[in-house]
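One letter stands for each residue in the lines below.
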Amino acid sequence: NAGVMQNPRHLVRRRGQEARLRCSPMKGHSHVYWYRQLPEEGLKFMVYLQKENIIDESGMPKERFSAEFPKEGPSILRIQQVVRGDSAAYFCASSPTQGSTNTEAFFGQGTRLTVV
Amino acid sequence: EDKVVQSPLSLVVHEGDTVTLNCSYEVTNFRSLLWYKQEKKAPTFLFMLTSSGIEKKSGRLSSILDKKELFSILNITATQTGDSAIYLCAAFAQGGSEKLVFGKGTKLTVNP
């Protein structure tokens, strides 16, 4: 079981470019969560997705940010027209099912985005 | 607004010391509380606590939840330099949406 896979591990973008972050959940997991960790801060929830559905995007900025989890392939977090303030570590987590009492989220290694 | 508050934010101890990390939470539709250890990579899972008063142990680490007072503690006995990390507490909320609400973490430094 390869665990949650994120790529790339490091991404450098110039201001105004687009950043695409990918997350492949653990095998058998159909729930994906994206979190952002700014320097000296805790992990902040961004968006929760199931296959082909966005369940909760309350933590995601309304502009420039979007997320998807297609039927086939990884979940994608897209940031358009990046700004310096987008520089952070972006973590993806997955869990098996909703409603499980003992659900724990497994995290990927993160993508460290640097905007120059 | 859901929130999780950890204390202290930073802690420096010597090897062999015992430490207690605190986590209080205010979360709608609370389901469980999770502790993670974060070194220079992804958070790694330590404990999930769902019931009050039942201590969970893993080696030198232990944790307990108080659902009445809305807090949890993480204890580490006989600390080692390898315990140096950021310890994150997260409350798992369930309802229309599931999400983890994280605290800012406690940065633990264990000196030889």
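Shown above is the structure to which this text applies.
These notes cover the structure that comes with them. As the structure is a computational prediction, the values presented were derived from the model and not from experiment. Once a new chain begins, its residue numbering starts again from 1 and follows that chain's sequence as written. Here every chain gets a letter starting at A, and every ligand a number starting at 1, in the order they are written. Where local features are concerned, this predicted model is filtered to residues with pLDDT of at least 70; where side-chain atom pairs are given and counted, the filter is 80 or more; whole-chain, interface and lining totals use all residues. Water and hydrogen atoms were dropped before computing side-chain values, which therefore reflect all heavy atoms in the structure.

### Here's the deal with the pattern of salt bridges
For side chains of opposite charge, pairing can occur when their charged atoms come near one another.
All names here are of chain A.
Phase 1: By salt bridge we mean one thing: a side-chain nitrogen of Lys or Arg within 4 Å of a carboxyl oxygen of Asp or Glu. Applying the stated criterion to the full structure yields four salt bridges over all chains.
Phase 2: The partner of Arg78 in a salt bridge is Glu18, with the nearest N and O atoms 4.0 Å apart. With Arg78 in strand β8 (residues 75-79) and Glu18 in the loop between β2 (10-13) and β3 (19-24), this pair connects stretches of sequence that are 60 residues apart.
Phase 3: Judged by its relative accessible area of 21%, Arg78 falls in the partly exposed class. Each helix is a run of H or I in the DSSP string that is no shorter than four residues. Each strand is a run of E no shorter than two, and both are numbered from the N terminus. For the exposure calls, accessible area comes from a 1.4 Å probe over protein chains only, and a residue counts as buried if that area is under 20% of its type's maximum, exposed if over 50%, partly exposed in between.

### Structural notes on the sheet that holds β3(A)
Residue and element names in this part refer to chain A.
Phase 1: Two strands form a pair only when DSSP identifies at least two bridges running between them. Within the open sheet, the four strands sit side by side as β1-β3-β8-β7. Their pairing is antiparallel. Where the open sheet ends on each side, the last strands, each with one partner, are β1 (5-7) and β7 (65-68). Sheet twist, expressed as the mean angle between neighbouring strand axes with direction ignored, is 15°.
Phase 2: Summarising the sheet, β3 and β8 pair through five bridges and their orientation is antiparallel. Note on β8: the bridge partner recorded for Arg22 is Ile76. For every element, the axis is a line fit to its C-alpha atoms; helices are fit only across the contacting stretch, and the angle between N-to-C directions ranges from 0 to 180 degrees.

### Structural notes on the pairing of strand β8 (residues 71-76) of chain B
Residues and elements named next belong to chain B.
Phase 1: Of all six residues making up β8, five are buried, and the element is well covered by its neighbours.
Phase 2: Of the strand pairs in this sheet, strand β3 (residues 19-26) and β8 are connected by six bridges, and their pairing is antiparallel. Along β8, the bridge assignment pairs Ser24 with Phe71.
Phase 3: Bridging between strand β7 (residues 61-66) and β8 involves six bridges; their strand directions are antiparallel.

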